[in-house]
Amino acid sequence: MKIYLFNMENGVYLGEDFADEAAFSAELPPGATSIAPPPFQRREVPVFLPDENRWELTSRMLTRRP
C-alpha cells in the first residue's frame, strides 16, 4: 500500500513510500499516513494535521521553533 510521509515536528509533506499492509495491520509507523495529500502548486506545501487526520495547503514559510 502507498503511504505518505510527513515531518512529525511540523507536519510538512516529505514524500511517499510503500508499506507492506500485513506488517502494519494495526497502525502505520509514526510520521506516515495512508491519506494522500491534495494536489499542490509551486510555492504551496502540504502540511498534515494529525489531530484532525487531514492535510492542508499552506504558502507560508515554515520554520522550526526552538
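Here, every reference points to the structure presented above.
For the structure given in this document, a descriptive report is provided here. Residue positions are given per chain, counting from 1 as you read along its sequence in written order. Only residues with pLDDT of at least 70 get local features here, since the model is predicted, and only at 80 or more are side-chain atom pairs given and counted; chain-wide, interface and lining totals rely on the full set of residues. No hydrogens and no water enter the side-chain calculation; it runs on all heavy atoms of the structure.

**Digging into the packing of aromatic side chains**
Each pair of aromatic rings is reported with the distance of its centres and the angle of its planes. Aromatic contacts are taken between Phe, Tyr and Trp rings whose centres are within 6.5 Å, Trp giving its six-membered ring; a plane angle under 30 degrees counts as stacked, one over 60 as edge-to-face, and the others as tilted. By the definition in use, this model includes five aromatic pairs. Pairing phenylalanine 6 with phenylalanine 48 gives two aromatic rings, centres 4.7 Å apart and planes at 35°, and the pair type is tilted. Of the two residues, phenylalanine 6 sits in strand 1 (residues 2-6) while phenylalanine 48 sits in strand 4 (residues 45-49), which places them 42 residues apart along the sequence. Judged by centre distance (5.7 Å) and plane angle (85°), the rings of tyrosine 13 and tryptophan 55 are edge-to-face. Of this pair, tyrosine 13 sits in strand 2 (residues 13-18) while tryptophan 55 sits in strand 5 (residues 54-58), and the two are 42 residues apart along the sequence. Burial here depends on accessible area, computed with a 1.4 Å probe over protein chains only, as a share of the maximum for the residue type. Under 20% is buried, over 50% is exposed, and the range in between is partly exposed. Of the residues examined, tryptophan 55 reaches a relative accessible area of 8% and is grouped as buried. One aromatic cluster in this structure is built from Phe6, Tyr13, Phe40, Phe48 and Trp55. For helices the rule is a DSSP run of H or I covering at least 4 residues; for strands it is a run of E covering at least 2, with both sets numbered from the N terminus onward.

**A short note on the pairing of strand 5**
Here the rule is simple: two strands pair whenever DSSP picks up at least two bridges between them. Two strands pair when backbone bridges link them, and strand 4 and strand 5 are joined in this way by five bridges, in the antiparallel orientation. Each residue of the ladder has a partner; that of leucine 49, found in strand 5, is arginine 54. As consecutive antiparallel partners, strand 4 and strand 5 are separated by four residues, and within that stretch asparagine 53 has a phi angle of approximately 55°, a positive value.

**Quick word on the pattern of salt bridges**
We define a salt bridge as a contact between a side-chain nitrogen of Lys or Arg and a carboxyl oxygen of Asp or Glu at a distance within 4 Å. Tallying each qualifying case throughout the model produces three salt bridges. Where lysine 2 meets glutamate 16, a salt bridge forms, and the shortest distance between an N and an O atom there is 3.2 Å. Linking lysine 2 in strand 1 with glutamate 16 in strand 2, this pair joins segments that are 14 residues apart in sequence. Using a relative accessible area of 33% as the deciding quantity, one classes lysine 2 as partly exposed. In this structure, arginine 54 and glutamate 52 form a salt bridge, with 2.7 Å as the shortest nitrogen-oxygen distance. Classification of arginine 54 by relative accessible area gives partly exposed; the value is 36%.

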